[in-house]
Amino acid sequence: MTTSDGISPDVPPSGTGCVECEATGAWWFHLRRCASCGHIGCCDDSPSKHATAHARTSGHPVIQSFEPGEEWFWDYDTSTLYETGPRLAPPHSHPADQPVPGPAGRVPADWADQLG
């Protein structure tokens, strides 16, 4: 995987949580980062699946995990998992003290039953 795959290594992430969930007061399970524009969206196990929605609407097919300690990338166009790839601009994950699922105070008691 290279920057010619639509990856922009110098673009920082859009924040520390899912952009759309933050705007609506929702919650997420895990976070994903668009490797092109830095958009942070929630994973497909999250109720809203914003990372996949962003990839579809933006045409930015490559994401990277935004979870601490994870470096893998996923290409939606080819359904290919890459264990590593280009180093993206920091930060490389949400803060380690941010709970999963998150954010704190918005996760329902029955969160596990709501996972995709």
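For the structure, check the block above.
All figures in this text were calculated on a predicted structure; none of them were measured in a lab.

Parameters at a glance
Sequence order as written defines residue numbering, which begins from 1 separately in each chain. Where local features are concerned, this predicted model is filtered to residues with pLDDT of at least 70; where side-chain atom pairs are given and counted, the filter is 80 or more; whole-chain, interface and lining totals use all residues. Values shown for side chains rest on all heavy atoms present in the structure; no hydrogens or waters enter the calculation. Strand pairing requires that DSSP identify at least two bridges connecting the strands. Helical segments are the DSSP runs of H or I of at least four residues, strand segments are the runs of E of at least two, and each set is numbered from the N terminus. Here the axes come from fitting lines to C-alpha atoms, over the contacting stretch only for helices, and the angles between their N-to-C directions go from 0 to 180 degrees. Residue contacts follow a heavy-atom distance rule, with two residues in contact if any of their heavy atoms lie within 4.5 Å. For each residue, the accessible area found with a 1.4 Å probe, counting protein chains only, is set against the maximum for its type, and the residue is called buried under 20%, exposed over 50%, and partly exposed in between. In what follows, salt bridge is the name for a side-chain nitrogen of Lys or Arg lying within 4 Å of a carboxyl oxygen of Asp or Glu. Under this definition, polar contacts are N or O atom pairs within 3.5 Å; protein pairs additionally need one hydrogen-donor-capable and one acceptor-capable atom, and for neighbouring residues in sequence, both atoms have to be side-chain atoms.

Colleague: Please give an account of the sheet that holds strand β4 (residues 73–75) that cites residues and values.
Modeller: Backbone-to-backbone hydrogen bonds join strands into a sheet, with any given pair of strands oriented parallel or antiparallel. Spatially, 5 strands are ordered β2-β1-β3-β4-β5 in an open sheet, and the strand pairing comes out antiparallel. Each end of this open sheet is capped by a strand with a single partner; those strands are β2 (40–42) and β5 (80–82). Adjacent strand axes in the sheet meet at a mean angle of 30°, parallel and antiparallel pairs treated alike. Contacting β1 (31–34) and β2, helix α2 (residues 50–58) crosses the sheet at an angle of about 125° to β2.

Colleague: Explain the environment of G17 to me, and be specific about the residues and the numbers.
Modeller: Assignment of secondary structure puts G17 in the segment before α1 (19–24). For G17, a relative accessible area of 6% corresponds to the buried category. Sequence separation between G17 and V62 is 45 residues; the distance between their C-alpha atoms is 18 Å. If we skip the residues at most four places from it in the chain, G17 touches E22, W28, L31 and I40.

Colleague: Please set out the pattern of salt bridges residue by residue, giving values where relevant.
Modeller: A full pass over the atoms with the stated rule returns 1 salt bridge. E22 is the salt-bridge partner of R106, the closest N and O atoms lying 3.0 Å from each other. With R106 in the segment after β5 and E22 in helix α1, the pair connects residues that are 84 residues apart, well separated along the chain. For R106, a relative accessible area of 28% puts it in the partly exposed group. Overall, E22 belongs to the partly exposed group, its relative accessible area being 39%.

Colleague: Tell me about the environment of Q114, and please be specific about residues and values.
Modeller: Within the secondary structure layout, Q114 lies in the segment after β5. Along the primary structure Q114 and P47 are separated by 67 residues, whereas in three dimensions their C-alpha atoms are 6.4 Å apart. Discounting chain neighbours no more than four positions away, the residues touching Q114 are W27, P47 and P108. Of note is the side chain of Q114, whose polar atom sits 2.7 Å from the side chain of D110.

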